[in-house]
Each structure stands twice: as structure tokens, then as C-alpha cells.
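# Geometric and topological summary
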There are 2 protein chains.
Amino acid sequence: MNRRTTSELIDAAMGRIPCDLVIRNAEVVDVCNKETFRADVYIYKGFIAGFDGERTAKEEYDAKGRYLLPGLIDAHCHIESSHLSPSEFSDAVVPCGTTTVIADPHEICNVTGLDGMEYMLKSSENIPLSVFLMFPSCVPATPFEHAGAILNAPEIEKFIDNPRVLGLGEMMNYPGVASCDETVMAKLKTAYCRRKNIDGHAPSITGPALDGYAAAGITTDHECETPEELHDKIRKGMYVMLREGTACRNVLQLLPGVNERNSSRLLFCTDDRQPQSIVRDGHVNYGVSLAIQNGLDPITAIAIASLNAAQCYHLDDRGMIAPGKRADFILTSSIDKGIKPEEVFILGRKAASDGKIILKAPHTEPENVSGRMDVKDFSEKKLSLRPGTDHVRVIDIIPGGVVTGKGEAWIKRDPEGEWIHEDDKDILKLAVIERHHGTGNAATALIRGYGMRHGAVAVSIAHDSHNIIVIGDNDHDMAAAVRKLISIGGGMTMFKDGKELGTHQLEIAGLMTDKRLEEVTACLDEMHDTAKKELQISSGIDPFMTLCFMALPVIPALKLTDCGLFDVESFAFTDIGIKE
Amino acid sequence: MNRRTTSELIDAAMGRIPCDLVIRNAEVVDVCNKETFRADVYIYKGFIAGFDGERTAKEEYDAKGRYLLPGLIDAHCHIESSHLSPSEFSDAVVPCGTTTVIADPHEICNVTGLDGMEYMLKSSENIPLSVFLMFPSCVPATPFEHAGAILNAPEIEKFIDNPRVLGLGEMMNYPGVASCDETVMAKLKTAYCRRKNIDGHAPSITGPALDGYAAAGITTDHECETPEELHDKIRKGMYVMLREGTACRNVLQLLPGVNERNSSRLLFCTDDRQPQSIVRDGHVNYGVSLAIQNGLDPITAIAIASLNAAQCYHLDDRGMIAPGKRADFILTSSIDKGIKPEEVFILGRKAASDGKIILKAPHTEPENVSGRMDVKDFSEKKLSLRPGTDHVRVIDIIPGGVVTGKGEAWIKRDPEGEWIHEDDKDILKLAVIERHHGTGNAATALIRGYGMRHGAVAVSIAHDSHNIIVIGDNDHDMAAAVRKLISIGGGMTMFKDGKELGTHQLEIAGLMTDKRLEEVTACLDEMHDTAKKELQISSGIDPFMTLCFMALPVIPALKLTDCGLFDVESFAFTDIGIKE
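Everything numeric in this text was worked out from a predicted model, so none of it was measured.

What counts as what
Residues numbered from 1 in each chain as written. Chains lettered and ligands numbered in written order. Predicted model: local features only at pLDDT ≥ 70, side-chain atom pairs only at ≥ 80, totals over all residues. Heavy atoms only, no water. Contact = heavy atoms within 4.5 Å. Buried area = accessible area lost by both parts, 1.4 Å probe. Polar contact = N/O pair within 3.5 Å; in protein donor to acceptor, adjacent residues only side chain to side chain. Helix = DSSP H or I, 4+ residues; strand = E, 2+ residues; numbered from the N terminus. Nonpolar A, V, L, I, M, F, W, Y, C, P; charged D, E, K, R; others polar. Pairing = 2+ DSSP bridges. pLDDT = per-residue confidence, 0-100. Buried < 20%, exposed > 50% of the residue type's maximum accessible area, 1.4 Å probe, protein only. Salt bridge = Lys/Arg side-chain N within 4 Å of Asp/Glu carboxyl O. Least-squares fit on C-alpha atoms with pLDDT ≥ 70 in both. Axes fitted to C-alpha atoms, helices over the stretch in contact; angles between N-to-C directions. Disulfide = S-S within 2.5 Å.

Below, the discussion takes up the interface of chain B and chain A. Chain B puts 63 residues into the contact, and the matching count from chain A is 63 residues. Summed over both partners, the interface of chain B with chain A comes to about 5400 Å²; 52% of that surface belongs to carbon and sulfur atoms. At the boundary of chain B and chain A, one finds 27 residue pairs in polar contact (both at pLDDT 80 or more). Where the side of chain B that touches chain A is concerned, the elements lending two or more residues are α1 (3-13), β2 (35-44), β3 (47-51), α6 (174-178), α7 (182-192), α8 (207-215), α9 (227-235) and α13 (298-312) of chain B. Per-element tally for the side of chain B that touches chain A: the top contributor is α1(B), with seven residues. Of the residues that constitute the side of chain B that touches chain A, the class distribution is 30 nonpolar, 15 polar and 18 charged.

This is how it looks when you write it as C-alpha cells:
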């Protein structure tokens, strides 16, 4: 708001000029007193002017006694996980009642560096959804792989004063914080010296390590898994996020630790929600609903998803239904069994109705964030796997999670020493091909538990450096899949016997697409069906998401980066062949 | 904290370097979970490093199971009301457990303008008490009087970016807000365009007027008097302050409206606490204790006085006992019946013990804020009162409040038309003498209910413009009292039969003194005793404070400024004589 708008809003509040809109007969959810009250809500130029009184409005809308509650705030998410560009993401989540997100563009920045930051800012600037960004703190995530960029304090300084950049994103490098790593400390300083927020990521961190982490000025955590951990982190001054993503779901785990007295220290977040989860279950409202269905007071749940997030991130213009605040709100018939938005308003305009977007986001042409496929000298030969012995280490997939087991196996090799696939063993080849800097790096390893008999699957989403990762029984299909991704700038693809079975293009950094949510989910559904039918992948294994986490060297136990097989427990590279 | 301190604090938290202090066996009040827990609290360079664990500390202090709670935050006060300079004020309130105040230097700025702002900033810079300022929004308070300065948006701009200036002070000009007065809007904008706070002052404002006030971005109110008003203001997004000053006491009135669900939207404040109240009853802790004694949960009360204020004013480094926060805390044996601090620590150093200050504040020589006594051509003749008729308007004092009645009386006049004092009528002369700009203004009126038979009392504290105000039965004593104040640069004085009965000098702007609290209260006690003995002032009337509010033209019903008798109800000047 500027001075003129403020004056006009006061004029509207005082009834001197007509409001634009009045929502009559609303049961307003007051997240400050934590109660509801019946009122006519007056809106002028996108902001709430007041309740009831002798005012006029150009337009009337009868809420017919439905609940009117503040738009929901996602306190931490990676838009990239939706596969959607920010404008498409807006169209996808606004119908779910999400009107503000605090997004960490960690994935796209790991591929495209500051160009990704620019793109995310620009493409989310004038869209219905309010998008605030946290500058990613961990690009690259580790020194054991090649990411697309290195972003340190000097790069952060270029963006941190942007009013839509609220601070530093999840500080995953907790060993770096604990050891006062100089680069990490310099990053933290860019935020706290401006009194901006620093988000945390502190799975299972307790005791003095948590003291040190909190003392560093890190104020949130979204990796809590138990009520005890929640309690401990709140005690240490942190806001704890109730996360309900696609893979990581903590609401039900954490709910026993939530009560009326500590509820002001909680937030809701989605972190990573896949497109199918958004379509089928919803967005922040899904976590809120789950909490309500499992006993949390509905108004408390709504306050956590609105007022608290606004408070934590100093977003003083939103988070409640009150004069002077943005008219971002949801209308719904019931709040006792969860939040299913029937109407969503943003800045006083109807943005969605019955789950369908009305206020579509204007599209921004992606600039400097195309696929980034700088792969040097790729050929089938790069996929060669010669362990040197028959006794080898294998990555054991653990269904439903991102953790792997550190397995061993006896394999067969051909006269040149090359690994031979055996039909009855469920051991496949995994390869990671560096795609950012043309290093020519390609590393191979063995993986067990995927189930596929014959063919290859490749994806360019491979946390956190997002090199190309491919799995297969034969180099020919694997190489074809890799070449396909290189040619289209990234995505997901499947090959069998030299034939392309299906492809989901992700042309923005190899992570996201400008296609619409419905198209994306339709394509993904078809890909899953085909994978099931043609590739016989084990039940319980998501053919694509599973691969996305096999190159993540911060999650135990055995992973593969473009630099080689990595033993997370000893935090060092290791050989495939086991020397007797 | 800078980068080095943060690294060191992490080192201390991780146990790599020894802490400075450990408070053993403390029952820590956790205002986030709203519970207590037993811990050893480690402190390094003034900040909390962590709880328990394997650490060492250079110094140990055994709390012996006593409660350790965050230092209290006064969300709104005028330091001037204590009569003390900021350094003396620090020595006075720190033993009460107040470790942070958000002060509005409204009084001194009304006398000395920006010099007052400079002085308050400078003199409070390096003292144990953390002093944050709100830039006074109403200098002058009204156009119906002469204050020492006019401070508008351009003057505010000079200070608003100072990190210790948190925003704009209480916006008393609510008609100006409601009418979108251009000067007022420009002032508001200086704060909200920087996302700084704007404090409110909205007595009995409800409905659309309150909507307009809240829509202007005003986020607090300390003028709530009923639970209904509290509820309404919280609903409209405002933080409501539970004020317990010397004259205005709202804690008991408001308490029925406070509950666990709305408690995060409340703050404690003292607003105006006289020196005697601080000595006898305490400071913020008095209001907190009153609330606890009358049923508010002790931890909730403490959270309101710490966490909530820190949150409202974005003071992210305090408000709780947690790693990374300032080691500002209180030790006390009990919290169930109120907060009587036994030990107060500031930045980990013992600042007060058993109500006595240990860490005395360094003194700052007042610069450019001496008495400001630019009074032109003062003589007894200026006190002349010729109403023109025998039927006159009189200001009726209402004991115990700042509101006056609009009375009438029949008086006697001498042959020149000059008012004659009558012993049996309890009507005295009141005069206000302009002291800032040498205008030569002096206005007189009649006042009833003070009780004094003979003599004169004068003070240079006369809200909000702080001209000299004097009451008496004869011009000779009145003039002597005025001359005394002019000669000493302001204060309070009494004369009878040409003899000075007692004087309390307030050499800083005529409002405050560099003397110590004990001296000030001893002097005031003696002044009160003398007034009682020598001047026969009515019981229930404070001889000095009563005068302080007789020139305040925003409080009904009849007041006197240096420009004349003012009818607050019709908001216009009026005559003393009533024309038949």
C-alpha cells in the first residue's frame, strides 16, 4: 500500500467512499481471538476495510453463513517439486486455498545458479499467489558432486535485500554450522545482519548440537519427526513446521505434541509435494485438514497456517481477517472436518471456485533456465562397469523412503571384466552423468530392489545436484534414455529394446515445465501405467521418484554421485569391488 | 552479534570453548511451550549458549531451584513520567525486572523537539536497560496550544531508520487518522513504508472508526478500558496493551477479557509511572503480578510481558530463554503470586539484587535539553483575570482522574473588573504561561475543587505542551512560583506569602532530572507533606499531578492552554464570562 491507497482505504472504512465488494453473512474465523463471528466483510482495492457498519459496496456477495478464513500460508516449499513453473503452480495451489508460499528455489538454483533465482523472482512477481523466496543456502549441497553453480555469501548479497527475499533457505549443512565453517558463517551473516530469517533443516538434532544450531540464529525446522523433538525445538526458540509433503509426512507423527499453549510456535508446510498429491489431496489445506480430523481445534489449525506464518516471516499485511490486511480468504461450509475451499479470494477478487482456478497467472517466458545439458562426450562406453572383483557393494533400495541400505552381492563378469546382468538377481546398473559443466563425469554402480527386468529409466531430477541419473539392465537402452533427456533439456523417460516407452519433458532446468498441472499429472499417470505394464518394476517402488534420491549423498547409506559411489556413513567415496 | 560472536557462541554451545557463566539448577520458564523445566543455563558473552550438556564455564551460580524467566519488556512507556533521565531510569526499573522498554519520548520532544530525540537516544545508548524509541507522532499534540516544536514527516525521516527507533509513537490524533489529514498520513507513511511499527492510542474507539484506525496500519492500543473493547481491538488485528500506570490502571478492568486463546495478542505496558509508584509497587512486574494475583496463569502472564512484546516489535534477539537470545533474565523463588525479582541479569551480568541496582548506568551529560524557559515579559500583570461578568465558567476538578467538569459559578469582581478570591468558595485562579518561544502568551481561568485556601503551586509538566501551569489565590505567590520555575529551568514549586515552601527541580526540559530515584521520591514525599500541612489541599487531590493535566486539550471537558480556555466537547476556545 502507498499513501494514497491507505487514505482511500480509511475513506472506505469510514464509509465516505463505496467499497468494491462486501461479503455478506460470513462466519469470519478470527485467528486472533480464536473464535468465529458473523459479519459483513467490506473490501476496498484488495484490502479489508472493515466489518458491518453503514457502508456501501459496488458489489455484493452472499456467503450464506459460510466460514470466511484467511488464505493459507505454506511456510516452506520447493515449487520445483510440483514440476510446475510458478505461474502454473499458482493455478494449481490457489484452488486449494494456498494464497502465500515461502519457497526455497534450492533445486533450480542448484542447476542454474543465480539465473534460477532471477527466473523464480520474475516469474512469480505478478501472479495471484504471493510467492516469497528464501535464498538457497546449500548450492551445492555437498562437495562430493558437481552441481550447476556455487552460491556463497557474495551471491546471496545480490538478492538478500529484495523485499520478496525473506532470508536464507533451509540450512542443511548442520555439520557446517556446528563446526563454524567459515563459508557457512558468512552465508548466515548475510541474513541475520539484516534481521532476515534463516530457515533450518535439523533432522534428529538434539542437545548441544541443537543449541549451537539455534544459537546461529536459525529460527525454523521442518524436519521434526517426533513430539519429543518438536517439544525440544520449540523450547530452544524455534518455530516447528508440521510438514505434509508427498514423501515426508509428519503431521500425524507430531500432532500428539501440539497443544493450545505451544500452538503459537508452529507452522504448516508442504516442503515437497508432487503434482499428483496436489491434484488428489490438496496442498497446505491437506495438512491442516489432517490435523483437524485427528483432533486439533480447527481455529487453532487455521491460525497455525495463517497468523503464525505471517508472524514468523514478518508478513504484517496478511495472516488474519482484519482491517488493513490483504483480502486473501477462503469461503467454505465447514471447518470441523477439514478445509475444503469452495471459493478462494485473492486481494478481494475471486481466484478459484470449487477447486477450479479462475484468476489464471500470467505466463513468464523462461529465460536462461533451459535444460542446461552440457554433457561432454557421452557414449555407451561411459556406462562401462568393471568392479575388478565378483564380490561387490550394491545400493539396496528400501521401499517408500529415501534412505538406502549398504548391500553386498556376488556378480558375473565377462572376459573384459564388464558386469553381466543376470535375469534372476534384480541387480541393475545405475549411472549418474554430470550435465552442468561438461566435465565428462559419469559414474556407475549396482543397485538392487528396483524389480525391472529389462529396459532403462532416466530422470534429470536427482537431488540435490540434478545430474542425469539412469537405471537399466543394458547399456543400449540406458544410453538412449540419457540421449533423449539431453535432447529435450531434461525430464523423465523410459526405453526398452531401443524404443521410447514414454517421456515427461521438464524443459525448465530439467526440473519443471510450463505445461499445466492436468497435463503433467495425466502424463505422469500414463508413464506410471506404462512402467508398471512394460517394465515390471517392484510394487511399492515409484519408478521415477526412487531414482530422484539415489544421488543424494547426505542421506544414508550408499549413494552414487557423478564422482562415484559414496558411503554416507563414513562420508567418503568407496569402491564397488570389495577387496578380500 | 557479529560473525565472530556468532561463531564463538556456537563454539560455546558445542562445548569447544568454556562459557562465561552457568546458572545451575534453574527452573527455567519456557514461554514458548508455556511450561517450566529444570536446567543448567550456559551463557557466553551475554547470550544464552544452551542448556545442560557437557560444557564448562568460568563462573558458576547456583539458582537453587529458583525460577529463571526472561527479563520483562515494557511495550509502551514515557520515561519522562518517572522524572528521571534514562540512566537513572535504568537504575530504577532494572531492579524491578524490566530489561527492555519501548519508550515514546513524546514529552521531551514536545519541549525540545529533535534535540530531545537526540538526547534520549544518546543517553540511553550504552546503559544496562535496553531502550528502544518510537518517534513521537503528535508534536504538538493539538493546534490549540504552543509546544516547543513541530515534528512532521521530514523530521521523522531523520530518525526513523535508526535501528533503535522501532517506528511511530502513539497516534493520538485519531480524528486526524479518521479524516485522512494529510500531515498525519505523511507521518504514518514514514513508518509503514519501512515496515516499522505504528503504535495506537484509541480510547473508546469502535466500529468503522476503529476499522479506519486499524486499516491505517496502527497495530497496538494501550487505551483499552473494558473487556469488550479489548476483544474488539484484538479482532481487528491490534495488539492490546494491559496498562498499569500510576493514574491509568487497566489490568483489573481488562483481565476478564484475557484467555489462553487470545493471550498471544496482548502486551504489558506502564505508559506513565510516577517515581513513587516505581519505588513502592514496581514497574512492569507490578502489572504482571496484579494479573497473576487475579487469576491469570503465571507463565502466560510472563509470556505476554516477554515473548509477545518481542514478537510485536520484531525484537528477535530476546523475549525468551533460548540459545542465541540475550541473557536478560530474572531469578525469583516464586511466580504463583506475582513476580518479585530477587536477582536480575542483563547480558549475563548481575544487574540488580534484592531490589538494588548493581550495574549502574553511565551518566550522559544532557545537551541542548536544559529547561527551555523562553518566557517573554512575565509579570504579575499577566495573571490578570477580568471575565467581564460575574457569571463565569469554571473548570471543575474531578478527583482521581484527568477529566474535568464544565462548571459555572457566580464570582465577585473589584472595581477594575478583576476577579476577587473568596475564602469560602474553593475557586482559585489557574494560569498557563507559554515557555517555549517567547510569545508572551499567558492565559487565565478559574478552577474549583483544589481545596487550597492560600498560596500558589506551579509546575512545568503540563501535558502535552508542557508550558508553565500555576494555581493560586493571589497573583503575588503565583508570580513568585512562576519566576522560581523560570529561574531553575522547570520543575514543581509551592509559595505562600511570598515564601518558597518547597521545590523539586526538573532541569532536563523542565520534565526530568539527573537526580537519583531515591532523591526524587524523598523530595516529592516532602513536597506532598508540606502541601498537605501548609496548603490544605483537598484530600483525594494530588497537588502536582492534578495540575499536569489541566492544560491537556484532548481530554474533556474544560481545559486551559496558553491560548485560552478550551471547551473540549465543542473543540473550540470559549470565554470565561457567560453572556446572558
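After that view of the structure, there is still more to cover.
With that settled, consider the side chain of A:Ser82. Mapped onto the elements of the fold, A:Ser82 is located in the loop between β6 (72-77) and α2 (86-93). Other than its neighbours up to four places away in sequence, A:Ser82 contacts A:Phe89, A:Arg273, A:Pro275 and A:Ile278.

Residue and element names in this part refer to chain B. Across the sheet, which stays open at both edges, the three strands sit in the order β11-β12-β13 with parallel pairing between neighbours. Only two strands of the sheet have a single neighbouring strand rather than two, namely β11 (220-221) and β13 (266-269). As paired elements, β11 and strand β12 (residues 239-243) share two bridges and run parallel to each other. The residue bridging Asp221 from the neighbouring strand is Val240, located in β12.

This part takes up the confidence of the model for chain A. Low-pLDDT portions of the prediction should not be read for the details of their coordinates. Looking at chain A, pLDDT values average 96 and 99% of them are 70 or higher. Across the whole predicted complex the pTM is 0.96, and at the interface the ipTM reaches 0.95.

All names here are of chain A. Looking at the element boundaries, Leu558 is found in strand β28 (residues 558-561). When its relative accessible area of 1% is taken as the criterion, Leu558 is described as buried. Sequence separation between Leu558 and Glu569 is eleven residues, and the spatial gap between their C-alpha atoms is 8.0 Å. Once you skip the residues sitting within four places of it in the chain, Leu558 turns out to touch Arg393, Val394, Ile395, Thr404, Gly405, Lys406, Leu565, Phe566, Asp567 and Thr574.

A side chain with one charge may pair with a side chain of the opposite charge, provided their charged atoms come close. Inspection of every chain in the model, using the stated rule, returns 84 salt bridges over all chains. Residues A:Arg243 and A:Asp271 are paired through a salt bridge, measuring 2.6 Å at the closest nitrogen-oxygen approach. Here A:Arg243, found in strand β12 (residues 239-243), pairs with A:Asp271, found in the loop between β13 (266-269) and α11 (275-280); they are 28 residues apart in sequence, far enough to count as distant. Like A:Asp271, A:Arg243 is buried. Via salt bridges that share partners, A:Lys34, A:Glu260, A:Asp297 and B:Arg261 belong to a single interconnected network.

Once that is clear, we can look at the relation of the copies chain B and chain A. Take chain B, turn it by 180 degrees, move it 0.0 Å along the axis, and it overlays chain A with an RMSD of 0.1 Å. When the rotation and shift are considered jointly, the pair of chain copies conforms to a two-fold rotation axis. Of the interface residues in chain B, 100% have counterparts in chain A that sit at the interface too, so the contact is made through matching surfaces.

Looking now at the sheet that holds strand β25 (residues 468-472) of chain B. Residues and elements named next belong to chain B. Spatial ordering of the open sheet is given by β19-β18-β23-β22-β25-β24-β26-β27, a layout of eight strands whose pairing is mixed. Each end of this open sheet is capped by a strand with a single partner; those strands are β19 (404-410) and β27 (499-505). Sheet twist, expressed as the average angle between the axes of neighbouring strands with direction ignored, equals 25 degrees. Relative to strand β23 (residues 442-448), strand β22 (residues 427-433) is paired through seven bridges, and the arrangement is antiparallel. For Leu430, the partnering residue across the bridge sits in β23 and is Ala445. Each of β22, β24 (456-459), β25, β26 (491-496) and β27 is contacted by helix α14 (residues 475-488), which is oriented at about 150 degrees to β26, the strand it contacts most. The sheet strands contacting helix α15 (residues 517-535) are β24, β26 and β27, and the helix crosses β27 at an angle near 150 degrees.

Now for the state of the cysteines. Between two cysteines, a covalent bond joining their sulfur atoms is known as a disulfide. Applying the stated rule across the entire model yields zero disulfides over all chains. Between A:Cys193, a cysteine without a disulfide, and A:Cys180, which holds the nearest cysteine sulfur, the sulfur-to-sulfur distance is 17 Å.

Another point: α8(B). Think of an α-helix as turning once every 3.6 residues; residues three or four places apart then point the same way. Inspection of α8(B) places B:Leu210, B:Asp211, B:Gly212, B:Tyr213, B:Ala214 and B:Ala215 among the buried residues, and these make up the whole buried set. Positive phi appears at B:Gly217, one or two residues downstream of α8(B), with a value of about 95 degrees.

Further remarks concern unusual backbone geometry. All names here are of chain A. The omega angle of the peptide bond from Pro556 to Ala557 is 0 degrees, so this bond is cis rather than trans. With respect to the helices, strands and loops of the structure, Ala557 is situated in the loop between α16 (545-548) and β28. Even without glycine at this site, Lys34 takes up a positive phi of about 55 degrees. Mapping Lys34 onto the fold places it in the loop between β1 (19-30) and β2 (35-44).

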